[in-house]
Amino acid sequence: MSALLDFYAKHSRLIDQIGVNAILALSLSVSLQAGQLALAQAAFMGIAAYVSAILALNAHWPLPATILTAAIVSSVVAALLAYPVRGLRGVFLAIATIGFAEIVRVIANNLAITGGAEGLSGIPNDATTPVIYGSLAIVAAALFVLSRTKFALAVALVREDEHAARGVGVDVGAIRTYSLALGGAIAGLAGALYAHASFFITPADFGFAEMEKILVWCVVGGVTSPAGAVLGATTLSILPEAIRFLADYREIFNGIILLGVILFAPGGLASLWRRRAVRP
Amino acid sequence: MIAQQLLNGLFLGAVYSLFAVGYTLVFGVLDILNLAHAAIFTAAAFTAFSLSMAGVPLPLALIAAAIVAGIMGILLDRVAFAPLRARNAGTLVPLISSIGVAIVIGAVLRGIYGIDERHFTTGGLDTAPAIHAGPLTFTIVELTIFLSAIALMLVLSWVLRSTSLGRRIRAVGQDRIAAALLGINLEATVAATFFIASALGGAAGVLTALRYDSITLDMGGPIELKGLAVIILGGMGSVTGAVIGGFILGAVETLAVVFGLSAWRDAILFGVMFVLLVARPTGLFGKRALRAA
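Residues numbered from 1 in each chain as written. Chains lettered and ligands numbered in written order. Predicted model: local features only at pLDDT ≥ 70, side-chain atom pairs only at ≥ 80, totals over all residues. Heavy atoms only, no water.

**So, the overall build of chain B**
Step number 1: The secondary structure content of chain B amounts to eleven helices and two strands.
Step number 2: The order of α-helices and β-strands along chain B, N terminus first, is α-α-α-α-β-β-α-α-α-α-α-α-α.
Step number 3: Computed over C-alpha atoms, the radius of gyration of chain B comes to 19 Å, within 12% of the 19 Å expected from 2.2 N^0.38 for 293 residues, which places it in the range of a compact globule.
Step number 4: Its C-alpha atoms give chain B principal-axis dimensions of roughly 55 × 45 × 35 Å.
Step number 5: Residues classed as buried in chain B amount to 56% of the 293 residues present.
Step number 6: For chain B, the computed accessible surface area is about 11,900 Å², with 68% contributed by carbon and sulfur atoms. (Helix = DSSP H or I, 4+ residues; strand = E, 2+ residues; numbered from the N terminus. Rg over C-alpha atoms; globule rule 2.2 N^0.38 Å. Buried < 20%, exposed > 50% of the residue type's maximum accessible area, 1.4 Å probe, protein only. Areas by Shrake-Rupley, 256 points an atom, 1.4 Å probe, with all protein chains shown as cover.)

Have a look at this one:
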């Protein structure tokens, strides 16, 4: 038992990070499952991180209230973003959402209330390991329940063939909006937890580099299943720590694993033991 | 003041254009958004740095680094894109595999050079003699960078318009299957496209490094995303559009400083890009129809 506590004391920061990363990967997997490569997850995360940090610092709200409010704000922003980009597909959707995320970052860089480029510090450090993993469990359970509903069926149909989906009466626009909003809410939850598990946040934490990481976790784990997203985020968060001795070269394995998965296991790591036809 | 800033914008824009033409060429021919373009841009700058440290004169180092970048482009295609092309994986999966290559290149550069900023130590870059032309001031280095970028773009334009390779590249861009049926060697043409695009991107990296006399691991970050805005502005796949888009970006960035908007200039840039994507996805100068992926 004491060995276990020792291990936790030594690695608690990494363990917390893995939990937050897993929630982030889940958030992106929601919009990927609807066939949308929307790359604004880091921005949704950032919006929520700032909202929850500002509520905690300036209004002294308790943790659950700041998290909930932050997730709702992110979700609303995501739903509003869904409207103008409703006509965009493929790489054009990806680029438009990257642009949106950059605008969010520049705004965070320039406003007084967000602390500009220096960001915000002194955020109460109250997102403990149980809070983070409790949130992860709730999100995973909710997505699991959702995957058994007609909504999930409609989402899969929109992904596989939009015209066929329209043909059987699925409101494609609504499905796309809901899945973006749900992904925004989950990314918001992760962002709020991130803020309350870090000593400070800066706009650079929520830039395109973070977005790329989230995408890589999803793809490596497997795009079309929540389990894959969690698996990918966990594996790739631990790996660089496990090979610290490689020093500056260690990120190389994340790139090689990503390429290996795309070329040899297009369904992601999760598909390796789950022999089901899954498309990237 | 404004004239001077416009001149600076012209110098800046030439390098943006050079980066963007390679970015957009790959998209025009293969419909791939190559997110490793900025990593090759950075790798070329470091290659030129190492060569100049070894005593190679800068003009030669620029050419050699561009060739190295071109070869990296061919390897990029073989590793990240060719296998996906063979199994018709669509346009989104290659985007992600190019991120994989970018991560590998970034990690290797970080392993070799560490995270510190590097400078060309050949000396004289920042003390190069200034040229005064009426109210305008610029350095010989800036002028050389500008002329090199323009020369490279003219060469590209000539290759695409007037050579048999250019005709093959354009044919593959229009219809890959029809081009192959007509006897065009698809893989060789794609390799040539990647060589040209990456060599130009690499040259842009070296010129950017020379302009600021600074080489860093993250120097490709801003231009990667701004480059997206440039090729959207110009119409994705349109080489001429990318050149014009690059100069517009250069002018807007320097004018933003004049009007005291420098802190917000990227938000304005991406805002324009977003509106343009939503309202006119073919760009200001593009004629290509919007494609679903």
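On we go.
**Looking at the side chain of N8(B)**
Residues and elements named next belong to chain B.
Step number 1: Counting through the fold element by element, N8 comes out in helix α1 (residues 2-30).
Step number 2: Taking the relative accessible area as the measure of exposure, N8 reaches 17% and is therefore buried.
Step number 3: Contacts of N8, omitting those with residues within four sequence positions, involve R211 and T254. (Contact = heavy atoms within 4.5 Å.)

**Some details on the confidence of the model for chain B**
Residues and elements named next belong to chain B.
Step number 1: A residue-level look at chain B finds 93% of positions with pLDDT of 70 or above and a mean pLDDT of 89.
Step number 2: Considering each helix and strand of chain B separately, the mean pLDDT is smallest for strand β1 (residues 130-133), with a value of 82, and largest for helix α2 (residues 37-53), with 96.
Step number 3: In the model, residues 289-293 has pLDDT below 50 throughout and makes twelve contacts with residues more than four positions away in sequence or in other chains.
Step number 4: This prediction of the complex comes with two scores: 0.91 for pTM and 0.89 for ipTM. (pLDDT = per-residue confidence, 0-100.)

**With respect to unusual backbone geometry**
Residues and elements named next belong to chain B.
Step number 1: The phi dihedral of D31 is positive, around 60°, even though this residue is not glycine.
Step number 2: Within the secondary structure layout, D31 lies in the loop between α1 and α2.
Step number 3: A positive phi angle is found at D213, which is not glycine, with a value near 45°.
Step number 4: Locating D213 in the fold gives a position in the loop between α8 (186-212) and α9 (220-234).

**Quick look at the pattern of salt bridges**
Step number 1: Overall, the coordinates contain 14 salt bridges over all chains when judged by the stated rule.
Step number 2: For the salt bridge of E187(B) with R85(B), the shortest nitrogen-to-oxygen distance reads 2.8 Å. With a gap of 102 residues between them, E187(B) in helix α8 and R85(B) in helix α3 (residues 58-86) connect regions that are remote in the sequence.
Step number 3: On the basis of relative accessibility, which here comes to 31%, the residue E187(B) falls in the partly exposed class.
Step number 4: Counted as one network, the salt bridges with shared partners bring together R89(A), E162(A), R166(A) and R176(A). (Salt bridge = Lys/Arg side-chain N within 4 Å of Asp/Glu carboxyl O.)

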